[in-house]
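The chain contents come next:
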Amino acid sequence: MSTVESRPLVGAGVSRVDGPRKVTGTAPYPMDFGIPGQAYGTVVQSTVAAGRIVRMHTRAAEGAPGVLAVITHENIPSVGTGPMTALGPSSPPPLRNDRILHHGQHIAFVVAETPEQAAAAARLVRVDYEVEEPLLDLQDPRAQQVLDPWEMDTARGDSDAALESAEVILRNTYRTADNTNNPLGLFATVAVWEGNTLTVHDTSQWPSMVRTTLAMVFGIPESSVRVLAPYVGGGFGAGLRAWPHVILTALAARMLKRPVKLVLTRPQMFTSVGHRPHGVQWLSVGATRDGELVALDHRSLSSLSIEDTDFEPFSSGTAFAYRCPNVITRDRQARINIAVPTSMRAPAEAQGNFALESALDELACTIGMDPVDLRVRNHTDVDPRNGLPWTGKAILECYEVGARRFGWYDRNPEPRSMRDGNWLVGYGMASAMFPYFAQPCSAQATLNSDGSALVRSAATDIGTGTYTVMAQLAAEEVGLPLDQVRFDLGDSDMPNSMMAGGSGLTGALGNAVHDACRRLVGSFAELARGDGGSPLRGVSPDDVECAGGGIHVAGRPDLGESYVDILARHGMSELTAYGHSTPPVPTEIGMSPAGAYGAKFVEVRVDADLGLIRVARVVSVIDGGRILNAKTARSQIIGGTVGGIGMALYEDTATDPHTGRIANGTFGDYLVAVNADVPDLDVVFVGEPDRGTPTGTKGVGEVGLVGIAAAISNAVHHATGRRLRDLPITLDALL
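Values in this document were obtained by computation on a predicted structure and should not be read as measured data.

**Student:** Just to check I follow, could you spell out the packing of helix H5 (residues 207-218) against helix H6 (residues 244-256) for this structure?
**Tutor:** Relative placement of two packed helices is described by the angle separating their axes and the distance separating the axes. Put simply, H5 and H6 touch, their axes get as near as 11 Å, and they point 50° apart. Comparing the axis directions of H5 and H6 gives the class oblique. Seen from above, H5 lies across H6 with right-handed handedness. Residues Leu214, Val217 and Phe218 of H5 form the contact with H6, whose participating residues are Val246, Ile247, Ala250, Leu251 and Arg254. For the contact of H5 with H6, the residue count by class is 7 nonpolar, no polar and 1 charged.

**Student:** Which parts of the structure should I look at to understand the pattern of salt bridges?
**Tutor:** Summed over the entire model, instances satisfying the criterion amount to 36 salt bridges. In this structure, the salt-bridge partner of Glu400 is Arg404, at a minimum N-O distance of 4.0 Å. In this pair, Glu400 and Arg404 both sit in helix H10 (residues 395-406), 4 residues apart, roughly one turn of the helix. A residue is classified by how much of its surface remains accessible, and Glu400, at 52% relative accessible area, is exposed. Take Arg404: its relative accessible area is 55%, and that puts it in the exposed class. One salt bridge connects Asp558 with Arg556, and the closest N-O pair in it is separated by 2.8 Å.

**Student:** Would you mind going over helix H12 (residues 505-529) with me for this structure?
**Tutor:** Along an α-helix, residues three or four positions apart point the same way, because every turn accommodates 3.6 residues. Between its terminal C-alpha atoms H12 stretches 35 Å, which fits the 36 Å expected from 25 residues at 1.5 Å a residue. Across the 25 residues that make up H12, a large majority, 18, are buried.

**Student:** How should I be thinking about the environment of Arg335 in this particular structure?
**Tutor:** Residue placement: Arg335 occurs in strand E19 (residues 327-335). Residues Arg335 and Arg142, spaced 193 residues apart in sequence, show a C-alpha to C-alpha distance of 9.4 Å. Dropping the residues within four chain positions of it, Arg335 is found in contact with Leu135, Ala143, Gln144, Val146, Leu304, Ser305, Ile306, Glu307 and Asp308. For Arg335, the side chain forms a polar contact with the main-chain oxygen of Ser305, separated by 2.7 Å.

**Student:** What's the story with the packing of helix H15 (residues 630-649) against helix H16 (residues 708-720) in this structure? I'm lost.
**Tutor:** Where H15 meets H16, the closest approach of the two axes is 8 Å, and the angle between their N-to-C directions is 50°. The angle between H15 and H16 falls in the class oblique. Pair H15 / H16 crosses with right-handed handedness. Counting all contacts with H15, which are made through Thr641, Gly644, Ile645, Met647, Ala648 and Leu649, the residues of H16 involved are Ile708, Ala709 and Ile712. Counted by class, the contact of H15 with H16 contains 7 nonpolar, 2 polar and no charged residues.

**Student:** Would you take a moment to explain the sheet that holds strand E21 (residues 423-434) for this structure?
**Tutor:** Whether parallel or antiparallel, the strands of a sheet pair through hydrogen bonds between backbone atoms. Here 5 strands make up an open sheet; going across it, the order is E20-E21-E29-E30-E31 and the pairing mixed. Looking at which strands have only one partner, the edges of the open sheet turn out to be strand E20 (419-420) and strand E31 (681-686). Pairing of E20 with E21 involves 2 bridges; the strand directions are antiparallel. Bridged to Asp420 within E21 is Trp423. Running over the sheet, H16 touches E21, strand E29 (596-607) and strand E30 (613-623) and is turned about 155° from E21.

**Student:** How should the pairing of strand E16 (residues 260-263) be read in this particular structure?
**Tutor:** Where a strand is regular, its side chains alternate between the two sheet faces. As paired elements, strand E2 (residues 39-45) and E16 share 3 bridges and run parallel to each other. Note that in E16 the partner of Ala39 across the bridge is Val260. Where strand E13 (residues 188-194) and E16 come together, 4 bridges link them in antiparallel fashion. Note that in E16 the partner of Ala188 across the bridge is Val263.

**Student:** Looking at this structure, how should I read the packing of aromatic side chains?
**Tutor:** Centre-to-centre distance and the angle between the planes together describe a pair of aromatic rings. According to the stated counting rule, one finds 13 aromatic pairs in the structure shown. On the numbers, 6.0 Å between centres and 85° between planes, the contact of Tyr174 with Phe354 is edge-to-face. Of the two residues, Tyr174 sits in strand E12 (residues 168-176) while Phe354 sits in helix H8 (residues 349-367), which places them 180 residues apart along the sequence. For Tyr174, a relative accessible area of 1% puts it in the buried group. Ring geometry for Phe524 and Tyr563: centres 4.7 Å apart, planes at 55°, overall tilted.

**Student:** I keep staring at the sheet that holds E16 and nothing clicks. Help me out?
**Tutor:** In spatial order, the strands read E4-E8-E2-E16-E13-E14-E15; together these 7 strands make up an open sheet with mixed pairing. The open sheet has two edge strands, strand E4 (67-72) and strand E15 (225-228), and neither has a second partner. For this sheet, the mean angle separating the axes of adjacent strands, direction not counted, is 20°. With respect to the sheet, H6 is in contact with E4, strand E8 (106-112), E13, strand E14 (197-202) and E16, its orientation differing from that of E13 by roughly 30°.

Definitions and cut-offs
Residues numbered from 1 in each chain as written. Predicted model: local features only at pLDDT ≥ 70, side-chain atom pairs only at ≥ 80, totals over all residues. Heavy atoms only, no water. Axes fitted to C-alpha atoms, helices over the stretch in contact; angles between N-to-C directions. Helix = DSSP H or I, 4+ residues; strand = E, 2+ residues; numbered from the N terminus. Parallel < 35°, antiparallel > 145°, perpendicular 65-115°, else oblique. Left-handed = near helix turned anticlockwise from the far one by under 90°. Contact = heavy atoms within 4.5 Å. Nonpolar A, V, L, I, M, F, W, Y, C, P; charged D, E, K, R; others polar. Salt bridge = Lys/Arg side-chain N within 4 Å of Asp/Glu carboxyl O. Buried < 20%, exposed > 50% of the residue type's maximum accessible area, 1.4 Å probe, protein only. Expected span 1.5 Å × (residues − 1). Polar contact = N/O pair within 3.5 Å; in protein donor to acceptor, adjacent residues only side chain to side chain. Pairing = 2+ DSSP bridges. Phe/Tyr/Trp six-rings, centres within 6.5 Å; stacked < 30°, edge-to-face > 60°.

Written as structure tokens, this is what we have:
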């Protein structure tokens, strides 16, 4: 079967279907929910970074107005440990002992009748500590190191020998800072028990995982837990865990037998819901004098908390970024007394790409070769890890289109050669890539007797446009106008979905929606096939097309009938089908699944006297496979670009080297790129639908950030002649 006429629905820049609710303030975010009779919780946090609690003084807090409970490690009921997830083990249970592992650790949970009373009582809790010297230096020899934590280290050829014999050798060290996700919406949890059934409103990018976690923690069936997250005020990776405050809120609600609501404060967000880990990278490049890569040796050391995990293999992308016969990648993590790091937009690749693409720019300058030409010279159409062709890779087109739109070849390539008054002008570019990622996903599609369709999955929309693009895709698949299709999400009772992260949701969920809708249309065709009153009697489902709210014989729009008529004749109010998707297996499809690719071109202006840096232009050319919605996809690249500007020039979570306290844990102190820092951004999509999946998508949420930091750094070098290898780049480094 196939769909006709509705094809223009997919790809068109349709405005967000959830837009009206957001702009009118009627979209219900987790912190907006309230349950009659609810109490309010707040966390008490450690004021030291390492040691143990000797005694907690809670009597004043317990006697404060409105206080219902003060939960500490001394009185907390026993709870279980969460599951292994697709992103690693769950966090350890909260308040499980007297140990202090980082400044800002949750050490008590206060519940009161009002949020103000809870906050006031929390300030009355006093703690006696046995303080230890914290480990805060990433390269402290006392810090435990985790080698190859995800078994992703790679080696091919003989990098040591190739580097020794290379005509050109570069060895450099790169440093990237700790960044904090800082979504605009504060994370919130509302928990209510009804007998042995738990309902939770949570700021989550993964409701299905939170449901599984809470079921295991409280020892109840998953069917007894419902997690709701219809709208999420941003996440950038922070919502990919069931954080301790979620468990504490649900626990307090069970203890008190009444609903409990928690909303984290902005300072608490800095230590409660993750951050991008800081790290050091050592990169050695060997090449011929005409620019052919002969060896890459990429090693990293990144920060990790004392007792948790984080998936952040900085060097992993180098293993397959370019054609190079001798490559070694090694990642290590050092356990120090910091809050738990977690995924932040473009995890691992944001940091690793900065080192690799900066090194390639330095190589180009060393041998006198154009940076674009160098990358073209080392392009590969096959996955170097397995020799299989990529399912889709249009990065050569990205280079060509980007260079032309930007005017790349009009520049003078000599550093410090371009000027506009007192501004030094620099051009920089970088390749971008985010690897393919997907998990199994499910969806449900229902056609109703009024001719409308409802499609559902337990996914979330963190601002990426999932509501809209899935409605577009479903409308195309069943041949309905967009205004007759509704897509619902954000409810763990719906069919299981993977997380909104890793640029994987659009592809995995889209393929599940595709499967569900195809099965649904097939079910209608089967009903009609055996119906003596149908003009489609005896017609195989393989020989029908869907359009205009019904199905007809392929090529014969006059020979068919509507879904409404088929349902009515069979006395049915609706018809439902379920669909599923699983990631493609390279050996089965004969190709290596490709993520999104891109080329980033940046112009910067640097004040010759003051070292002030201004980003003047950015051109991003992206191969994102089949683009389901040009407007929302462009928005994703713009958002990622802004994050990349912040990573390059502003963002740095400053931890006091002696106490472990975050010194800039507010929006007044933590710098992010704002409107005045962001120029007009040019976004272009190229390439063809990806060959690895039915819908042909790749996902573009992460790749928008990748490459921006390196392109800015390379542009600063072109403008000033200074090669800066530490992020963020600040004016003092240029003075």
